[in-house]
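Here is what each chain is made of, one letter per residue.
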Amino acid sequence: MQKDLKIALIQTDLVWENPEQNRANFTKKIKNISEDVDIIVLPEMFTSGFTMNASAVAETMDGRTVSWLKELALQVDAAIVGSMIISEANTFYNRVLFVAPSGHVTHYDKRHSFTLVGEEKVYTSGTEKVIVDYKGWKICPLICYDLRFPVWARNTEDYDVLLYVANWPKPRISAWDTLLKARAIENMSYCVGVNRVGVDGVNALYSGHSAVYDVLGQQLVTCAPNEDTIKIATLEKRHVEAYRNKFKFLNDKDQFEIT
């Protein structure tokens, strides 16, 4: 088990519906990370922006972007995480890929479709919560709108890190800030949120506010609003263990089943 986990948050603009250019931009940013890290986190739909034009940019699990992720993860010796549009069995998914340096890929399909813009009409919702075991850490990856639903995120698996990738718009950014902190506190886990900046192809504005919170809700790092930047946070396993042993709040959680 690795005692500390270094996570790099890439908060950046995305080129609308242009996977090739986005891959090139992220390659440059990832290779310019100045220190060794264990995990690199990209925003939601990092190859395209949050588009409902899935057929224009969707790829398969054998496609160019997945191959690129595997190659790059191996080169930098770090896991790379982000969501993209995947086509599978004539169905589109907003899918998080957790790509380890070994080339092993774990995926999670977004559970909560953003009905405000009709995401449910284009993308099929996932049905399974996924826990990634990486270097002795349990990591729960979720996507954007999932943040508003605490029951789905509830820490029944004793995970150590709750990780959200997002295209969360500026008009509701205070909700993003508040809910990331709340998810950390109620689940007694680190909570990592990576959001994009810039303006997308439907004129939605994004201001970032990517951040990391510890199990007590203290903010460890934050990315300045509207800044194209990379921030690195060090997560400590002893921090999680010490406060869970001291307070034992998770022992009193409600028992339930999601149907």
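All residue numbers refer to positions counted from 1 along the written sequence of the respective chain. Totals for whole chains, interfaces and linings use every residue, but because this is a predicted model, local features are given only for residues with pLDDT of at least 70 and side-chain atom pairs only at 80 or more, for both listing and counting. Values reported for side chains reflect all heavy atoms of the structure, with hydrogen atoms and water molecules removed beforehand.

Asks: Any chance you could break down the overall build of the chain for me, citing the residues and the numbers?
Replies: Looking only at helices and strands, the chain has 7 helices and 14 strands in total. In terms of overall dimensions, the chain is globule-like: its C-alpha atoms have a radius of gyration of 17 Å, near the 18 Å expected for 259 residues. Its C-alpha atoms put the chain at 50 × 40 × 35 Å along the principal axes. Across the chain, the fraction of contacts at a sequence separation of at least 24, relative to all contacts at a separation of at least 6, is 67%. Calculation of accessible area relied on Shrake-Rupley with a 1.4 Å probe; when residues are assessed, cover is drawn exclusively from the protein chains displayed. Just so you have it, the chain exposes about 11,400 Å², and 48% of that area is on carbon and sulfur atoms. Between the centroid of the 29 positive side chains of the chain and the centroid of its 33 negative side chains there is a distance of 3 Å. Secondary structure elements are defined from DSSP: runs of H or I of at least 4 residues count as helices, runs of E of at least 2 residues count as strands, and each element is numbered from the N terminus. Here the globule rule is a power law, 2.2 Å times the number of residues to the power 0.38, and the radius of gyration is based on C-alpha atoms. Whether two residues are in contact is decided by their heavy atoms, any of which lying within 4.5 Å being enough. By the counting rule applied here, Lys and Arg register as positive and Asp and Glu as negative, while His and the ends of each chain are not counted. A charged residue contributes its charge at one atom only: NZ of Lys, CZ of Arg, CG of Asp or CD of Glu.

Asks: Explain the sheet that holds strand β1 (residues 4-11) to me, and be specific about the residues and the numbers.
Replies: Here 6 strands make up an open sheet; going across it, the order is β5-β4-β3-β2-β1-β14 and the pairing mixed. If you trace the sheet from one side to the other, it starts and ends with β5 (105-109) and β14 (229-236), each paired once. Across the sheet, the axes of successive neighbouring strands diverge by a mean angle of 30°, strand direction being ignored. All axes are obtained by fitting lines to C-alpha atoms, using only the stretch in contact for helices, and the reported angles, taken between N-to-C directions, cover 0 to 180 degrees. Of the strands in this sheet, β1, β2 (39-41), β3 (79-88) and β14 touch helix α1 (residues 19-31), which is tilted by about 140° from β1. Sitting on the sheet, helix α7 (residues 237-247) touches β1 and β14, and the angle it makes with β14 is about 50°. A pair of strands counts as paired when DSSP detects no fewer than two bridges linking them.

Asks: Can you tell me about the sheet that holds strand β8 (residues 161-166), naming the residues and giving the values?
Replies: Hydrogen bonding along the main chain pairs the strands of a sheet, whether they run parallel or antiparallel. Strands sit in the order β6-β7-β8-β9-β12-β13 across an open sheet of 6 strands; the sheet is mixed. Each edge of the open sheet is held by one strand with a lone partner, namely β6 (132-134) and β13 (219-222). Neighbour-to-neighbour, the strand axes of this sheet turn through a mean angle of 20°, independent of strand direction. In this fold helix α6 (residues 173-187) packs onto β8, β9 (190-195) and β12 (211-213), with an angle of close to 155° to the strand it touches most, β9.

Asks: How would you sum up the environment of alanine 204? Please name residues and give values.
Replies: With respect to the secondary-structure elements, alanine 204 resides in the loop between β10 (197-199) and β11 (205-207). For every residue, the accessible area obtained with a 1.4 Å probe (protein chains only) is divided by the maximum for its type, and the residue is called buried under 20%, exposed over 50%, and partly exposed between those limits. Residue alanine 204 is classed as partly exposed on the basis of its relative accessible area, which comes to 21%. Distance from alanine 204 to serine 48, taken between C-alpha atoms, is 14 Å for residues 156 residues apart in sequence. Discounting chain neighbours no more than four positions away, the residues touching alanine 204 are Gly198 and Val199.

Asks: Before we move on, could you go through the state of the cysteines and cite the residues and values that matter?
Replies: Note on terminology: disulfide denotes any pair of cysteine sulfur atoms within 2.5 Å. All told, the structure shown has 0 disulfides when counted by the stated rule. Just so you know, cysteine 144 is unpaired, no disulfide at all, and the nearest cysteine sulfur is the one on cysteine 191, 13 Å from it. Residue cysteine 144 is classed as buried on the basis of its relative accessible area of 8%. The structure places no disulfide on cysteine 191, whose sulfur is separated from the nearest cysteine sulfur, that of cysteine 140, by 9.8 Å.

Asks: Got a sec to walk through the nonpolar core? Specific residues and values, please.
Replies: Counting 49 residues, the largest nonpolar core has Ile39, Ile139, Trp168 and Leu235 as its most contacted members. Setting aside anything within four residues of it in sequence, one finds isoleucine 139 in contact with Leu5, Ile39, Phe98, Val130, Ile131, Val132, Tyr134, Val161 and Leu163. Among buried residues, the Ala, Val, Leu, Ile, Met, Phe, Trp, Tyr and Cys ones that are joined through side-chain atoms within 4.5 Å form a nonpolar core.

Asks: Explain unusual backbone geometry to me, and be specific about the residues and the numbers.
Replies: A positive phi angle, close to 55°, is found at lysine 135, a residue other than glycine. Considering the arrangement of structural elements, one finds lysine 135 in the loop between β6 and β7 (137-143). Look at lysine 248: it is not a glycine, yet its phi comes out positive at around 55°. Among the structural elements, lysine 248 can be located in the segment after α7. By relative accessible area, lysine 248 is classed as partly exposed at 42%.

Asks: Please provide a residue-by-residue account of the side chain of asparagine 187, values included.
Replies: By the secondary structure assignment, asparagine 187 is in helix α6. Overall, asparagine 187 belongs to the buried group, its relative accessible area being 0%. At a separation of 2.9 Å, a polar atom in the side chain of asparagine 187 contacts the main-chain amide nitrogen of asparagine 155. Apart from the residues within four sequence positions on either side, asparagine 187 is in contact with Ala153, Arg154, Asn155, Tyr159, Leu162, Arg244 and Leu250. Counting of polar contacts relies on pairs of N or O atoms within 3.5 Å, with two restrictions inside protein: one atom must be capable of donating a hydrogen and the other of accepting it, and residues adjacent in sequence are counted only when both atoms are side-chain atoms.

Asks: Now, about the packing of α1 against helix α3 (residues 64-76): what can you tell me, with residues and values included?
Replies: Running from N to C, α1 and α3 cross one another at 10°; their axes reach a closest spacing of 11 Å. Between α1 and α3, the crossing angle belongs to the class labelled roughly parallel. Mapping the contact onto sequence places Arg23, Phe26, Thr27, Ile30 and Lys31 in α1 and Arg64, Thr65, Trp68, Leu72, Gln75 and Val76 in α3. In this classification, Asp, Glu, Lys and Arg are treated as charged, Ala, Val, Leu, Ile, Met, Phe, Trp, Tyr, Cys and Pro as nonpolar, and every other residue, Gly included, as polar. The residue inventory of the contact of α1 with α3, partitioned by class, reads 5 nonpolar, 3 polar and 3 charged. To sort the angles, those under 35 degrees are grouped as roughly parallel, those over 145 as roughly antiparallel, those from 65 to 115 as roughly perpendicular, and the leftovers as oblique.

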